[in-house]
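Spelled out, the chains give:
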Amino acid sequence: MSGTYSNEPMLDMFIFETSQLIEQLEQIILASEKETGFNSHAINDIFRIMHTIKGSSAMMMFNDISTVSHAIEDIFYFLREENPENIDCSKLSDLVLEAVDYIKDEVDKIKAGEDTSNNPSELIETLKEFLANLKSENKSISLEIKEQPKEKPQYYISPDKTASNNYKHTYKAVIYFDEGCEMENIRAYTIIHNIKDITSDYHFFPMDIIDNDESCEVIRKEGFQIYFKTDKSYEEMHEFFMQTIFLRDLELTELEDDEYKKIAETKETEVEEIKVLSSEPIKVPKLDDEEKIVIDKSRQTAISSQSFISVSVTKLDQLMDLVGEMVVAEAMVIQNPDLQGLELDNFQKAARQLNKITNEIQDVVMSIRMVALSATFLKMHRIVRDMSRKLNKEVELEIIGEDTEVDKNIIEHISDPLMHLVRNAIDHGIEPRKERLAKAKEAKGTVTLEAKNAGNDVLVMVKDDGRGLDKSKIYKKAKEKGLVFKNEDEMTDREIFNLILVPGFSTKANVSEFSGRGVGMDVVARNIESVGGSIIVDSQLDKGTIITMKIPLTLAIIDGMIIKVGKSSYTIPTISIKESFRPKQEDIITDPDGREMIMVRGQCYPILRLHNFYKIHTDVTSFTDGIFIMVEEDEKSLCIFVDELLGQQQVVVKALPNYIQKYRKIKGLAGCTLLGDGSISLILDVGELIKL
Amino acid sequence: MKRILIVDDAAFMRLAIRKALEKNNFEVVGEAANGLEAVKKYIELKPDAVTLDITMEEMTGIDALRVILRSDPNAKVIMISAMGQEAMVREALINGAKSFIVKPFKDEQVIKVLNQVLEM
């Protein structure tokens with residue numbers, strides 16, 4: 001990377017913007033593919049995106065990215081300018097997508113701080129070859145265009161030749177530009193453009209500064225030479241040239257009239273055709289039309305452009321942390337032990353107001369962090385496209401509810417699982433065309449991505465109308481691998497389907513390129529569980545499979561019931577609690593193994609003594625002295641026995657220290673939180689406790 | 001302190017130019033991401049100079065240049081161009097752009113061009 005631009009904000013911005021553009025580009029390509037061709041809008045957009053990436057990456061000295069994007073830019077420049085008829089659109093899409101992948105890869109490496117050493121020369125070769133082919137296949141058009149420049153004037157001379165004799169002085173100027181200032185020919189052109197105000201009698205060399213980019217080289221080596229006559233003094237002319245930007249050196253000398261004539265003559269004989277500059281029409285914009293556009297469009301863009309700012313996620317994380325601290329601090333003040341037993345009417349009033357505002361702040365901060373799932377969903381188009389091509393299956397992707405929002409942190413965690421599920425659906429779910437027709441299904445398979453809100457959770461579903469899961473096959477497989485211990489008829493459908501989430505399970509004997517590469521559904525399940533979510537598998541043979549990911553809206557703050565066991569306090573997420581009750585001794589059943597259960601309304605539920613489980617000393621060991629909390633998750637229930645309930649409160653979830661999480665492997669804990677009195681409360685992971 | 005308006009559709013480029021300017025005691029009075037915004041901001045802010053990208057959505061730099069110059073014939077507009085855009089730079093210069101910078105650029109180049117244009 002460059003020494004000049006190694007500062008982080010620039011790099012961050014580069015990575016952020018390039019990734020966004022690349023994603024946008026991918027969507028354009030996929031959309032164009034559906035329309036079977038690139039319309040002019042798409043071509044323009046792709047050109048612009050590639051142009052931007054080329055510029056930014058060149059600034060950051062990522063030359064490989066810059067050359068790749070340049071090659072694509074060239075192709076689309078050609079498409080835009082020449083509008084050729086014979087385009088191999090599918091090959092072009094493939095090529096652009098290949099380039100997209102390359103750039104994505106490089107950006108990922110840059111992000112990870114790795115070396116970007118992947119050589120794109122092969123890709124660039126293919127791109128250039130493609131452009132060359134495109135040009136030759138559409139020769140008739142491009143030739144016409146190419147011939148045009150030849151007609152353009154090669155040599156500019158003053159229209160008013162008679163006036164030349166009246167000028168007092170004759171000069172020769174040789175101008176050298178700074179090294180690396182680029183576009184020397186255009187810079188030379190600027191001088192000629194300006195000198196017209198001073199004289200109408202001038203000649204310059206090299207002559208073809210406009211049409212021939214190679215004239216840059218000549219100017220670099222030999223300088224840009226101008227011969228001219230004028231009434232201005234040497235000092236005035238010197239000052240005129242000194243204004244030139246990126247001027248490295250100027251040689252200005254006064255000439256004799258004869259010398260000038262000689263030069264003028266030789267130059268003139270060299271040029272067959274002399275064209276007059278001022279006769280060339282200069283485009284004058286139509287006033288009315290354009291201004292109308294400005295007014296019409298500016299209204300729309302002004303609103304959209306100013307109402308958004310981008311903020312780094314770390315700042316939002318900080319804000320979230322602070323709000324969390326504030327919620328805790330608020331509890332510390334309002335529930336302060338010093339206040340107990342006091343009558344504080346005014347204080348209570350103020351406290352309620354404070355509580356209301358903190359709740360509102362919390363909601364707002366939360367909503368700031370919410371991101372729509374649409375970007376994540378749209379990414380799946382690419383996967384569906386690639387897979388259906390490779391596997392030769394016709395698959396359509398349907399997206400429902402992509403506006404549904406979840407916390408930014410959670411989005412990052414579900415992107416990979418989602419990708420895996422979509423791959424699975426196409427690879428294992430959707431049948432090949434023949435098989436589908438034999439089953440009287442539509443030849444084209446459908447994969448549906450759906451998202452919706454359900455209370456404090458978001459449900460993300462991947463549905464397919466494929467062959468569905470075969471219960472007995474799954475059971476047999478699990479049995480062979482020693483993953484089940486129950487009989488098949490003792491298990492519910494859902495329990496059997498859930499076996500595919502168990503580590504070490506994979507039904508397909510031959511592992512295809514896309515899915516089942518060792519990382520299977522168990523990894524998906526683990527990913528989702530890591531953000532406090534769960535997976536539900538539903539399927540009907542020959543009808544299809546629905547895999548639902550249940551994900552919490554946010555991780556940071558939950559409603560919790562604070563309970564007490566001995567001297568410790570625990571928090572149970574209110575959302576999992578069904579009820580709490582004081583049991584009657586006669587409802588308790590003990591089975592021969594000594595396991596305790598309780599009958600509630602004719603149903604039998606297992607009991608978990610929390611003090612036994614975490615080995616806490618407490619005086620409350622008899623069921624009649626304490627209280628039961630019935631919790632439920634995934635349609636399974638458990639009664640937790642605790643000493644007493646302390647109250648309900650919003651708590652800020654903090655991650656458990658690594659020591660407890662990884663080394664001690666203490667089960668059943670989702671995290672911890674600080675209570676109002678400053679003590680620590682452990683948050684129970686209900687799902688895990690039920691599975692025990 | 002001279003007041004500059006930066007126009008570029010790439011946020012990265014705007015940042016790059018902003019950094020270069022702020023390091024050298026210029027005031028960046030505004031940023032615009034397309035030609036239309038550029039025209040609006042120019043009229044609203046009346047900056048001492050504008051750096052204007054050529055390839056943009058909504059309205060290209062060249063069109064924006066024309067409209068800006070119509071509203072203020074003395075506007076000091078510097079085009080930000082890339083290699084391969086010679087023809088467009090030339091068109092911009094004919095239409096009244098004061099100078100141009102070629103991407104990728106160095107900070108010193110931006111400052112040099114700006115100083116010279118501002119002295120004009």
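**Student:** How should the overall build of chain B be read in this particular structure?
**Tutor:** Counting its regular elements, chain B contains 5 helices and 5 strands. Of all 120 residues assigned to chain B, the portion counted as buried reaches 67%. Here the contacts in chain B between residues at least 6 apart in sequence split such that 61% fall between residues at least 24 apart. Carbon and sulfur atoms make up 48% of the accessible area of chain B, which totals about 4100 Å².

**Student:** Looking at this structure, how should I read the packing of helix H1 (residues 8–34) of chain A against helix H14 (residues 374–391) of chain A?
**Tutor:** Pairs of packed helices are described in terms of their axes, by the angle between the two and the distance that separates them. Residue and element names in this part refer to chain A. Axis separation between H1 and H14 bottoms out at 10 Å; the angle between their running directions is 50 degrees. When the axes of H1 and H14 are compared, the pair comes out oblique. Note on packing geometry: the crossing formed by H1 with H14 is left-handed. Seen from H1, the contacting residues are Glu23, Glu26, Gln27, Leu30, Glu33 and Lys34; seen from H14, they are Ala375, Leu378, Lys379, His381, Arg382, Arg385 and Arg389. Within the contact of H1 with H14, the residues separate by chemical class into 3 nonpolar, 2 polar and 8 charged.

**Student:** What exactly am I supposed to notice about the environment of Ser56 of chain A here?
**Tutor:** Relative to the helices and strands, Ser56 of chain A is located in helix H2 (residues 40–59). C-alpha separation for the pair Ser56 of chain A and Phe14 of chain A, spaced 42 residues apart in sequence, amounts to 6.9 Å. With residues up to four places along the chain from it excluded, the contact list for Ser56 of chain A reads Phe14 and Glu17 of chain A together with Ala10, Phe12 and Met13 of chain B.

**Student:** How should I be thinking about the packing of aromatic side chains in this particular structure?
**Tutor:** Centre-to-centre distance and the angle between the planes together describe a pair of aromatic rings. Across all of its chains, the model carries 16 aromatic pairs over all chains by this definition. Here Phe47 of chain A and Tyr77 of chain A contribute two aromatic rings whose centre-to-centre distance is 6.0 Å and whose plane-to-plane angle is 40 degrees, an arrangement assigned as tilted. Pair noted here: Phe47 of chain A is in helix H2 and Tyr77 of chain A is in helix H3 (residues 63–82), with a separation of 30 residues, a long-range link. Taking the centre distance of 6.2 Å and the plane angle of 50 degrees together, the rings of Tyr171 of chain A and Tyr234 of chain A count as tilted. With Tyr171 of chain A in strand E2 (residues 169–177) and Tyr234 of chain A in helix H9 (residues 234–242), the pair connects residues that are 63 residues apart, well separated along the chain. Taken together, the aromatic side chains of Tyr171, Phe228, Tyr234, Phe240 and Phe241 of chain A make up a single cluster linked through ring pairs. Its guanidinium or amino end placed over the ring of Phe100 of chain B, Arg187 of chain A lies 4.1 Å from that ring's centre, counting from NZ or CZ.

**Student:** Mind showing me how you'd approach the side chain of Arg369 of chain A here?
**Tutor:** All names here are of chain A. In this structure, Arg369 sits in the loop between helix H13 (345–368) and strand E7 (370–372). On the basis of relative accessibility, which here comes to 4%, the residue Arg369 falls in the buried class. Residue contacts for Arg369: discarding those within four places in its chain leaves Leu316, Asp317, Met320, Val406, Asp407, Lys408 and Asn409.

**Student:** Please clarify how the environment of Glu184 of chain A should be interpreted in this entry.
**Tutor:** Residues and elements named next belong to chain A. Here Glu184 shows up in helix H7 (residues 184–195). Residues Glu184 and Ser215, 31 residues apart in the sequence, show an inter-C-alpha distance of 8.1 Å. Not counting the four nearest positions on each side in its chain, Glu184 is found in contact with Phe177, Asp178, Cys216, Ile219 and Arg220.

**Student:** Would you explain the confidence of the model for chain B in this entry?
**Tutor:** Low-confidence regions, as indicated by low pLDDT, have predicted coordinates that should not be scrutinised in detail. When pLDDT is averaged along chain B, the result is 89; 100% of the residues meet or exceed 70. With a pTM of 0.59, the predicted complex shows an ipTM of 0.82.

**Student:** Looking at this model, I keep getting lost on the sheet that holds E2 of chain A. Mind explaining?
**Tutor:** Sheets are built from strands that pair by backbone hydrogen bonding, the pairs being arranged parallel or antiparallel. All names here are of chain A. The antiparallel open sheet is built from 4 strands, whose spatial order is E3-E4-E2-E5. The open sheet has two edge strands, strand E3 (201–205) and strand E5 (247–254), and neither has a second partner. Here the average twist between neighbouring strands, direction ignored, is 15 degrees. Note: E2 against strand E4 (residues 224–230), 7 bridges, orientation antiparallel. Paired with Tyr171 across the bridge in E4 is Phe228. Against the sheet, H7 engages E2, E3 and E4, with an angle of about 5 degrees to E4. Sheet strands in contact with H9 are E2, E4 and E5, and its direction is about 160 degrees off that of E5.

Here is what the cut-offs are and how they apply
Residues numbered from 1 in each chain as written. Chains lettered and ligands numbered in written order. Predicted model: local features only at pLDDT ≥ 70, side-chain atom pairs only at ≥ 80, totals over all residues. Heavy atoms only, no water. Helix = DSSP H or I, 4+ residues; strand = E, 2+ residues; numbered from the N terminus. Buried < 20%, exposed > 50% of the residue type's maximum accessible area, 1.4 Å probe, protein only. Contact = heavy atoms within 4.5 Å. Areas by Shrake-Rupley, 256 points an atom, 1.4 Å probe, with all protein chains shown as cover. Axes fitted to C-alpha atoms, helices over the stretch in contact; angles between N-to-C directions. Parallel < 35°, antiparallel > 145°, perpendicular 65-115°, else oblique. Left-handed = near helix turned anticlockwise from the far one by under 90°. Nonpolar A, V, L, I, M, F, W, Y, C, P; charged D, E, K, R; others polar. Phe/Tyr/Trp six-rings, centres within 6.5 Å; stacked < 30°, edge-to-face > 60°. Lys NZ or Arg CZ within 6 Å of the ring centre and 35° of its normal. pLDDT = per-residue confidence, 0-100. Pairing = 2+ DSSP bridges.

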